[in-house]
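Inside the fold
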Amino acid sequence: MKVIKIGSRESRLAVVQSENVISALNAAGYETSLVTMKTTGDKILDKTLDKIGGKGLFVKELDAALRDGRADFTVHSLKDMPMDTPDDLPLVAVSPRADVRDVLVLPEGVSMLNFDKPIGCSSARRRIQLQKLYPQARIEPVRGNVQTRLRKLDEGQYSALVLAAAGLHRLGLEARIDRYFSVDEILPAAGQAIIVVQGRADADASCLSAWRDDNAWFCMLAERAFVRTLDGGCSSPVAAHATLQGERLHLRGMYVSADERIVRFGTIDGTSAQAEELGSTLAQRLRAGKETP
């Protein structure tokens, strides 16, 4: 039997997520091997992503591994994926969605948020929404994997961090969470809490049939269409969160003008078959100034 090679970033979270896929493949009777690599985005930690090229820096090396056969599939956090993927390297499967919320993490041994130090926040999406929740706070960028960010926090560089709940839960670090923000308080990034597998267009992805989740797939289509229509990249202050009840899809999105003076939220409902159309339509409405509930 051919060994299925799974490509992953080297970070602990990326490996844990890849092991999630590997476990499903092994349970289905397939042999697997893990191939890890450090991406350009993992190497450059002294600049924010919008200054060094955005989300593509986390997938370039993994895309190359797919193309030259070093990997048969690669595993990513969906929220870290560029909105446009190459035709020869499509997204082939997504996991069930985990806890989609963002969370507040305080230094070890601390029980109160100290506004004398900045809150570490990795995205404009979070920063804009956090500023409304904590108008007195100073919010500054923080880079690095989860463990690196926690070390910076515990060393006293920040008063708190805002991270994705799903990542902390996957790493067994949920005890570090001080507060969960509702999706009404901080609307998540498109694709947050979903693991995605990418492969070659000519590859057979049927081995992933027991792992893939159709509900999360439709939510992904709606959310990414929303962001893509707004031309949102890695650091663009844009957010989208879809939920599915049966065949009914509900999408909430956030639009922010280039100068960040205008922030609009809106919702749209339809069927799962309309997922991409719904995402695009809501984006166009918000950009045109048509706020919805």
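We now turn to the structure provided with this report. (Residues numbered from 1 in each chain as written. Predicted model: local features only at pLDDT ≥ 70, side-chain atom pairs only at ≥ 80, totals over all residues. Heavy atoms only, no water.)

**Let's talk about unusual backbone geometry**
- Here Ala193, not a glycine, exhibits a phi torsion of approximately 75°, which is positive.
- Within the secondary structure layout, Ala193 lies in the loop between β9 (177-180) and β10 (195-199).
- Take Ala193: its relative accessible area is 7%, and that puts it in the buried class.
- Despite not being glycine, Glu260 has its phi angle at roughly 65°, a positive value. (Helix = DSSP H or I, 4+ residues; strand = E, 2+ residues; numbered from the N terminus. Buried < 20%, exposed > 50% of the residue type's maximum accessible area, 1.4 Å probe, protein only.)

**Considering the side chain of Ser159**
- With respect to the secondary-structure elements, Ser159 resides in the loop between α6 (146-154) and β8 (160-164).
- Here Asn114 takes part through its backbone oxygen, which lies 3.2 Å from a polar atom of the side chain of Ser159.
- With residues near it in sequence (within four places) discarded, Ser159 still touches Leu106, Pro107, Leu113, Asn114, Lys117, Pro118, Ile119 and Leu153. (Polar contact = N/O pair within 3.5 Å; in protein donor to acceptor, adjacent residues only side chain to side chain. Contact = heavy atoms within 4.5 Å.)

**So, the pattern of salt bridges**
- Taken as a whole and assessed by the stated rule, the structure comprises 18 salt bridges.
- A salt bridge links Arg151 to Glu155, with the shortest nitrogen-to-oxygen separation between them at 3.3 Å.
- On the basis of relative accessible area, Glu155 is assigned to the partly exposed category, the value being 48%.
- Linked through salt bridges whose partners overlap, the residues forming this network are Lys2, Asp72 and Arg200. (Salt bridge = Lys/Arg side-chain N within 4 Å of Asp/Glu carboxyl O.)

**Some words on the nonpolar core**
- Counting residues in hydrophobic clusters, the biggest one holds 20 residues, and the most contacted among them are Phe226, Leu249 and Leu251.
- Broken down by secondary-structure element, the contributors of at least two residues to this core are α8 (214-229), β11 (239-245), β12 (248-256) and α9 (275-287). (Core = buried A, V, L, I, M, F, W, Y, C linked by side-chain atoms within 4.5 Å.)

**A closer look at the environment of Gly69**
- With respect to the element layout, Gly69 can be found in the loop between α4 (60-67) and β3 (73-77).
- Considering only alpha carbons, one finds Gly69 and Glu19, 50 residues apart in sequence, at a separation of 20 Å.

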